[in-house]
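A structural walkthrough
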Amino acid sequence: MLDLLTDLAFIWAALIAFAVLAYVLFDGFDLGIGILFPFLADDHDRDQAMNSVAPVWDGNETWLILGGGGLLAAFPLAYAVVMPALYAPITAMLLGLVFRGVAFEFRWRTQHRKYLWDWSFALGSLVAAIAQGIALGALIQGIPVANRAYAGGWWNWLTWFSLITGLALAIGYALLGATWLILKTSGELQEQARRFAWITGLGTLALIGLVSLITPFLDPIFMQRWFAWPAILYTAPVPIFVALAALALFWGLRRRREAMPFLAAIALFVLSYIGLGISFYPYVVPPSLTIWDAAAPASSLKFLLVGALVLIPLILGYTILAYWVFRGKVDPKASYH
Amino acid sequence: MEFDALTLARLQFAFTVSFHIVFPAFTIGLASYLAVLEGLWLYTGRNVFLALFNYWKKIFAVSFGMGVVSGLVMSYQFGTNWSVFSDKTGPILGPLLGYEVLAAFFLEAGFLGVMLFGMERVGRPLHFFATLMVAFGTLTSAFWILSANSWMQTPTGYTMNAAGQFVAADWWAVVFNPSFPYRLVHMVLAAYLTTALVVGAVGAFHLLSDRANEGARVMFSMAMWMAAIVAPIQLVAGDLHGLNTLKHQPAKIAAMEGHWETGAGQPLILLGWPDMAAETTRYKIEVPRLGSFILTHDWNGTVKGLKDWPRNERPNATIVFWSFRIMVGLGTLMILVGLWSLWLRFRGRLTESPALLRLTVLMGPSGFIAVLAGWITTEVGRQPYTVYGLLRTADSVSPIDAQAVGASLVAFIVVYFLVFGAGTYYLLSLMHRPPDLSEPDIEKGVPTRAAGITPAPAL
């Protein structure tokens, strides 16, 4: 029984990690387009940019609900500790997502107030991205727990480090958004997206480097995980692959490839995520709770796993189908009356 | 009232969930209505049904979007403000809510896009199937959410572990807990009535200016059939739900009835003002013995009063008494509208009475008010517990500062009024446009949305 619980908890940790990664990649590029929104040349470009994500954004955001719901079901203690610890950034993220989410519908329901929903979309996306980055930074820094409850102060989440991770995630999302636009648009908008991708690509790499340099000094466990012998044999490939992905990104931009920059940006995110995984495992709330400390009883993990194993592959299938249906360039005239 | 963190957290939950419940209550009913319209169109071939389908489809898309963003807030609010509750009940409520997300994600996600944009792409049979699946998906959402809520009202099938968590011993008993079937039926009927009243009001509004509009005539007629049939059924379902509550949560019934003393032959208090401090109901207008008869089906049956419970075990009778009466009062009005429409219909003059049309327009929002009043009754009536009889609300709240909850409460109020105010305005302007027999399938100028994915919890 004990072994079963151990395995179930591990499976659920993997599932939730997957849901969060899926969220970051999928919603990342459409939040990024929101972040780039004010910098686009004109209304026509903004229409195109929004149309390129309109068919898929709400499905993307559902992974966030799946991640949060999965955490409550499988690791209720982690959920109960993390949410109060990150109270302000979570609230800011939710409000940001409300503003940007409704903009997709409302923007088309008004003519002379359209600019209001443009700003709602842009600022909502930016706030949500920074808040997620701050939440990540605060989690890396560690969340103190006592008596099954958060035991820190209300402003613990706000540090120089978490501000850097907030900025890093926002710029990283903007990179995903810019490279997505290279893939989905043409002409002047695509040219502009290339310039954005250069700037945000350099910014993303610089910030990944900075965060990676600071992280090992935050906790001796992180340091040991990355640099102790022989662990370094397993961890060293991560930065090497990051360098390769960066090369692919800039090579793709220079050679004016359309898909390469987007794939390279995704690779950067996946590698950073793997890096975080190496630092975190087996903690779900570093440095206080491991996945086994926080896991729900086996009866709960089993009950929901049945449904998850049937439905998540189907959902993934749909997602792939939807992206396939909407493949190709956005029609530049689609938004004209 | 003292604005401590607990009070503020309760206000915040009440505020965000009240805003949220309005959208699913509407979309559950509307999804089924859309399925009926498309089915009638396929069966009869009458264009008016297709036109109405396309008319309400646009309204469905906007309200569904608002349901999604307000639902996202709910799924995180358990953790931010009610972390102790989340830790203790997560092993039971987490999987129930998880199934809600998965099932809704699967059904609605797969088929909403097809329903909204796919009529020409996938052909009629598959499109109709998609519409049915969206309707089924909204009902599945309701099933799991109401199961979770009902378990908090009538918890069964659990044991406690060493960490003080509720652990499922028997999932069947957890999911089908004693109050769940009653609550599910009562809420789904409420959603259907709410939608019918909105549809009826829109039809009546357009009939008042154009008696010949065929779309308006058909939607008004369909809505009046719903009011005539479903409102009386709801009365019976509500009564059964009440008897179930009497069995499992007698304190809630005592608060709803304004009874303080336990005794035989209790009166039915029609109106009054339950005074929590003085332990009495002031300004009573009552019918002798009828209360006992309704609750026990015996004129001399014994019904418990609130004084049977210590003060710190009593729900707030002032709120529950009145929210219950608002719900029942509106339900009675709905039955009367249904009967009036039947009488006019059998005289062949359904759409010819301006008085009924005006009343129906006025009744447009009544379903929403009744739904909110009903939820206030059942949720305030569960107090002072979150898990009835087992976990106190005061012991459920996060260890948070009042300032943090207060600041986020203000932010939610401002943002919700701005955003959902605008959304309601857009919904009303869509409804303000008369239905047109050549209602377009896809709007010009609005981007195509997912033929494959769209989001989860309408609830």
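Just so it is clear, the structure is predicted and the values come from calculations on it, not from any experiment.

Moving on, we get to the packing of aromatic side chains. Throughout the structure, instances matching the rule amount to 45 aromatic pairs over all chains. Relative to W180 of chain A, the ring of F29 of chain A lies with its centre 4.1 Å away and its plane at 20°, an arrangement referred to as stacked. Of the two residues, F29 of chain A sits in helix α1 (residues 2-36) while W180 of chain A sits in helix α7 (residues 160-184), which places them 151 residues apart along the sequence. A single burial state applies to F29 of chain A and to W180 of chain A, both of which are buried. Residue placement shows R345 of chain B over the ring face of W225 of chain B; its charged tip is 4.0 Å from the ring centre.

Turning next to the pattern of salt bridges. Residue and element names in this part refer to chain A. Taken as a whole and assessed by the stated rule, the structure comprises 19 salt bridges over all chains. When the shortest N-O distance is used, the salt bridge between D47 and K114 registers 3.2 Å. One end of the pair, D47, is in helix α2 (residues 43-53); the other, K114, is in helix α6 (residues 114-141), and 67 residues separate them in sequence. Here R256 makes a salt bridge to E191, at a shortest N to O gap of 2.2 Å. With R256 in the loop between α11 (237-254) and α12 (260-280) and E191 in helix α8 (residues 187-218), the pair connects residues that are 65 residues apart, well separated along the chain. Residue classification places E191 among the partly exposed residues on the basis of a relative accessible area of 24%. One salt-bridge network, in which partners are shared between bridges, spans D43, R46, D47, R107, K114 and D118.

On to the interface of chain B and chain A. Accessible area lost during the coming together of the parts is what is often quoted as the interface size. Across the boundary between the two partners, chain B contributes 70 residues, which contact 63 residues of chain A. Between chain B and chain A, roughly 6100 Å² of surface is buried when both sides are summed, and carbon and sulfur atoms account for 75% of that area. Inspection of the region where chain B meets chain A yields one salt bridge. Of the charged contacts, one joins R148 of chain A and D87 of chain B as a salt bridge, the two residues approaching to 2.9 Å between their closest N and O atoms. Linking chain B with chain A are 13 residue pairs in polar contact (both at pLDDT 80 or more), by the criterion used here.

Taken together, the side chains of Y115, L116, W119, L123, L126 and I130 of chain A present a nonpolar region at the surface, about 570 Å² in accessible area. Structurally, L116 of chain A can be placed in helix α6.

Rules and cut-offs
Residues numbered from 1 in each chain as written. Chains lettered and ligands numbered in written order. Predicted model: local features only at pLDDT ≥ 70, side-chain atom pairs only at ≥ 80, totals over all residues. Heavy atoms only, no water. Phe/Tyr/Trp six-rings, centres within 6.5 Å; stacked < 30°, edge-to-face > 60°. Helix = DSSP H or I, 4+ residues; strand = E, 2+ residues; numbered from the N terminus. Buried < 20%, exposed > 50% of the residue type's maximum accessible area, 1.4 Å probe, protein only. Lys NZ or Arg CZ within 6 Å of the ring centre and 35° of its normal. Salt bridge = Lys/Arg side-chain N within 4 Å of Asp/Glu carboxyl O. Contact = heavy atoms within 4.5 Å. Buried area = accessible area lost by both parts, 1.4 Å probe. Polar contact = N/O pair within 3.5 Å; in protein donor to acceptor, adjacent residues only side chain to side chain. Patch = residues over 30% accessible without salt bridge, like charges linked within 9 Å, V, L, I, M, F, W, Y side chains within 5 Å. Areas by Shrake-Rupley, 256 points an atom, 1.4 Å probe, with all protein chains shown as cover.

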